[in-house]
Amino acid sequence: QVQLVESGGGLVQAGGSLRLSCAASGRTFSSYAMGWFRQAPGKEREFVAAISRGGGTTNYEDSVKGRFTISRDNAKNTVYLQMNSLKPEDTAVYYCAARFGILSTPQDAFNSWGQGTQVTVSS
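Residues numbered from 1 in each chain as written. Predicted model: local features only at pLDDT ≥ 70, side-chain atom pairs only at ≥ 80, totals over all residues. Heavy atoms only, no water.

1. Describing the overall build of the protein chain
Here is step 1 of the chain: Counting its secondary structure elements, the protein chain contains zero helices and 11 strands.
Here is step 2 of the chain: The N-to-C order of helical and strand elements in the protein chain reads β-β-β-β-β-β-β-β-β-β-β.
Here is step 3 of the chain: Taking 14 Å as the expected radius of gyration for a compact globule of 123 residues, we find that the protein chain reaches 13 Å, a close match to that expectation.
Here is step 4 of the chain: Expressed as lengths along the three principal axes of its C-alpha atoms, the size of the protein chain is roughly 40 × 25 × 25 Å.
Here is step 5 of the chain: Relative to its 123 residues, the protein chain shows a buried fraction of 46%.
Here is step 6 of the chain: Long-range contacts, defined here as pairs at least 24 residues apart, represent 59% of the contacts in the protein chain between residues at least 6 apart.
Here is step 7 of the chain: With the model as given, the accessible surface of the protein chain reaches about 6100 Å², and the carbon-plus-sulfur share is 45%.
Here is step 8 of the chain: One way to put it: in the protein chain the 12 positive side-chain charges average out to a point 8 Å from where the 9 negative ones average out. (Helix = DSSP H or I, 4+ residues; strand = E, 2+ residues; numbered from the N terminus. Rg over C-alpha atoms; globule rule 2.2 N^0.38 Å. Buried < 20%, exposed > 50% of the residue type's maximum accessible area, 1.4 Å probe, protein only. Contact = heavy atoms within 4.5 Å. Areas by Shrake-Rupley, 256 points an atom, 1.4 Å probe, with all protein chains shown as cover. Lys, Arg positive; Asp, Glu negative; His and termini not counted. Charge placed at Lys NZ, Arg CZ, Asp CG, Glu CD.)

Here it is as structure tokens:
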């Protein structure tokens, strides 16, 4: 398994942008598909975006399509989530997750998780 550490969360006004980063330990980062999930207060954790091992394939939850972009730098063992045009409903704790092998989106397909980073969007 890989160890994951998220950063980049914070408080931003509606319409603003944030970039989340997730740094992974280990030398086999390129063997893992990566995902971002989020959990809003009082709600279940949900899928946000995922990216394949080489970065050539991405998936997004419908409400973030066109606003969020997932990317990765395998040389830096890091995955990113660029979030633009943020809305108050994007407020949540954002989690990075890793899955050894091919891209998948269900939460139970991921077996390594970070501690989460808080994103708060004010109206």
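There's plenty left to go through after this.
2. Some details on the environment of threonine 117
Here is step 1 of the chain: By the secondary structure assignment, threonine 117 is in strand β11 (residues 117-122).
Here is step 2 of the chain: A relative accessible area of 11% means that threonine 117 is categorised as buried.
Here is step 3 of the chain: Leaving out residues up to four positions away in the same chain, threonine 117 has contacts with Glu6, Ser7, Gly8, Gly9, Leu20, Ala92, Val93 and Tyr94.
Here is step 4 of the chain: Within the structure, threonine 117 has its side chain in polar contact with the backbone nitrogen of glycine 9 (distance 3.2 Å). (Polar contact = N/O pair within 3.5 Å; in protein donor to acceptor, adjacent residues only side chain to side chain.)

3. Description of the state of the cysteines
Here is step 1 of the chain: Evaluated as defined, the whole model comprises one disulfide.
Here is step 2 of the chain: Cysteine 22 shares a disulfide with cysteine 96; S-S distance 2.1 Å. As the torsion about the S-S bond is roughly -80°, the cysteine 22-cysteine 96 disulfide counts as left-handed. Here cysteine 22 is found in strand β3 (residues 18-24), whereas its partner cysteine 96 is found in strand β9 (residues 92-100), with 74 residues between them in sequence.
Here is step 3 of the chain: We classify cysteine 22 as buried; its relative accessible area is 0%. (Disulfide = S-S within 2.5 Å.)

4. Describing the sheet that holds strand β7 (residues 68-73)
Here is step 1 of the chain: The strand order across the open sheet formed by four strands is β1-β3-β8-β7, and the pairing between neighbours is antiparallel. Because the sheet does not close on itself, it has two edges, and the strands there are β1 (4-7) and β7. Averaged over neighbouring strand pairs, the angle between their axes works out to 15° when direction is ignored.
Here is step 2 of the chain: Taken together, the four bridges between β1 and β3 define a ladder with antiparallel strand orientation. Bridge pairing links valine 5 to alanine 23 in β3. (Pairing = 2+ DSSP bridges. Axes fitted to C-alpha atoms, helices over the stretch in contact; angles between N-to-C directions.)

5. Overview of the nonpolar core
Here is step 1 of the chain: Core analysis: the largest hydrophobic core is formed by 28 residues, its most contacted members being Met34, Trp36, Val79, Leu81, Met83 and Tyr94.
Here is step 2 of the chain: For this core, the secondary-structure elements that each account for two or more residues are β3, β4 (32-39), β5 (46-51), β7, β8 (78-83), β9 and β11.
Here is step 3 of the chain: Beyond its immediate sequence surroundings of up to four residues, leucine 81 is in contact with Leu18, Arg19, Leu20, Trp36, Val48, Ala49, Phe68, Thr69, Ile70 and Tyr94.
Here is step 4 of the chain: In this structure, Phe37, Phe47, Ala50 and Ala109 belong to the second largest nonpolar core, which totals six residues. (Core = buried A, V, L, I, M, F, W, Y, C linked by side-chain atoms within 4.5 Å.)

Structural measurements only, silent on function.
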